[in-house]
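Geometric and topological summary
The primary structure of each chain is shown beneath.
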Amino acid sequence: MQNFSSASLQPASQHYALDQLAQFLQRHPDVLLLTGAGISTASGIPAYRDTEGVRRGNAPVQGPDFRRQEAVRRRYWARSMVGWPTLARATPNPGHLAIAQLAQRQRIGGLITQNVDGLHQQAGSAAVTELHGSIHGVVCLDCRARHTRRLIQEQLERDNPQLLGATATPAPDGDALLEPSQLAIFHVPVCPRCGGTLQPDVVFFGDGVPAACAAEAESKMHTASALLVVGSSVMVYSSFRLCRMAAETGKPVAAINMGKTRADHLLAFKADAPAQDILPALAAMLG
């Protein structure tokens, strides 16, 4: 395994990293890409983990707690009301655009993302498997109706004018750090169709990836001849298992990631470089 340790690559090491990646894609034009939060940080969306793979900040909402406890839902939706607009305004960065270009030129195969931000689709990527769902959708746990997050944002703002214009430190996936005192009179949104309990259409911590989505991801891994991890520490099992599946079937695994990954011992090589810098250079090199 070859590691590139400089956070901002020097010209010589950048050339070597690009050469390694170009050769990897030339050998495996059907390579499966697995992307994580690191590809979206340049779009202004914070990541969950630092370069050592350690989770930042407070513990995230757990799915079972969200469904059981009104107080947890109140905290989630209040923070989301303030934090979601920042995520909704985010636009694809050069890393997202380069992946779409590589796919259009048939330089890569399938695409799986752990991200819920929808930026790959905005950049022009097609057939994206969203391993952890989409923050731009909301589902009713009672009648199963699906709504756009934008519609629910309108309800939130109408029912909670005291939070309009509130500012808070952005957190991953449209979250924001609000003071508990601001939650006391907050009105939780309800399903526009039945008045039931709403949940964002994402896989919370403590929940499993839906069976159909997991099967789709596995099928893409079986079809590909290699795996390239981009901007992910693959610390969660839903992504790490794809690395392990590739390695167990003799398929090479490589990574572009700033810092440690759970799969370091499985990697053929790793480019420790910002995805938004190295992917456009790779796309340009491959023409």
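Overview of the structure. Within any chain, residue numbers begin from 1 and follow the written order of that chain's sequence. Reporting of local features is limited, given that this is a predicted model, to residues whose pLDDT is at least 70; pairs of side-chain atoms are given and counted only at 80 or more, and all residues count toward the totals for whole chains, interfaces and linings. Hydrogens are left out, water is left out, and the side-chain values use all remaining heavy atoms of the structure.

**Some words on the environment of Cys243**
To keep it simple, the criterion reads: Counting from the N terminus, the helices are the DSSP runs of H or I reaching at least four residues and the strands are the DSSP runs of E reaching at least two. Throughout, a contact is declared for two residues whenever any of their heavy atoms are within 4.5 Å.
You can see Cys243 is positioned in helix α8 (residues 237-248). A sequence separation of 14 residues divides Cys243 from Val229, and the C-alpha atoms of the two residues are 8.4 Å apart. With near-sequence residues (within four places) excluded, Cys243 lies in contact with Leu227, Val229, Val234, Val253, Ala263 and Leu266.

**Some remarks on the sheet that holds strand β3 (residues 128-130)**
Keep this limit in mind: At least two DSSP bridges between two strands are needed for those strands to be called paired. Orientation is described by axes fitted as lines to C-alpha atoms, over the contacting stretch for helices, and by angles from 0 to 180 degrees between their N-to-C directions.
Read across the open sheet, the six strands follow the order β3-β2-β1-β9-β10-β11; overall the sheet is parallel. Since the sheet does not close on itself, it has two edges, and those belong to β3 and β11 (267-271), each with one partner. Each strand axis lies, on average, 20° off the axis of its neighbour in the sheet, ignoring direction. Against the sheet, helix α9 (residues 275-286) makes contact with β9 (227-230), β10 (253-256) and β11, and its axis sits at roughly 120° relative to β10, the strand it touches most.

**Remarks on the pairing of β10**
Convention followed: Accessibility here uses a 1.4 Å probe with only protein chains present; expressed as a share of the type maximum, an area under 20% marks a residue as buried, one over 50% as exposed, and anything in between as partly exposed. If you view a crossover with the strands going away from you and the path from the first strand over the helix to the second runs clockwise, you call it right-handed.
Residues Val253 and Ala255 point to one face of β10 and Ala254 and Ile256 to the other, with burial holding for every one of them. Sheet topology places β9 next to β10; four bridges connect them, and they run parallel. Bridged to Leu227 within β10 is Val253. Crossover β9 to β10 through α8 is right-handed. Where β10 and β11 come together, four bridges link them in parallel fashion. Its bridge partner being in β11, Ala254 is matched across the sheet by Phe269.

**Topic: the sheet that holds strand β5 (residues 146-148)**
Reading across from one edge, β5-β4-β8 is the order of the three strands in this open sheet, with antiparallel pairing throughout. Each edge of the open sheet is held by one strand with a lone partner, namely β5 and β8 (198-202). On average, each strand axis in the sheet is tilted by 40° relative to the strand beside it, whichever way the strands run. Examined bridge by bridge, strand β4 (residues 133-140) and β8 share four bridges and lie antiparallel to one another. Bridge pairing in β8 places Gly133 opposite Val202. Strand contacts of helix α3 (residues 70-89): β4 and β8, with the helix running at about 140° to β4, the strand carrying the most contacts. Sitting on the sheet, helix α6 (residues 149-159) touches β4, β5 and β8, and the angle it makes with β5 is about 75°.

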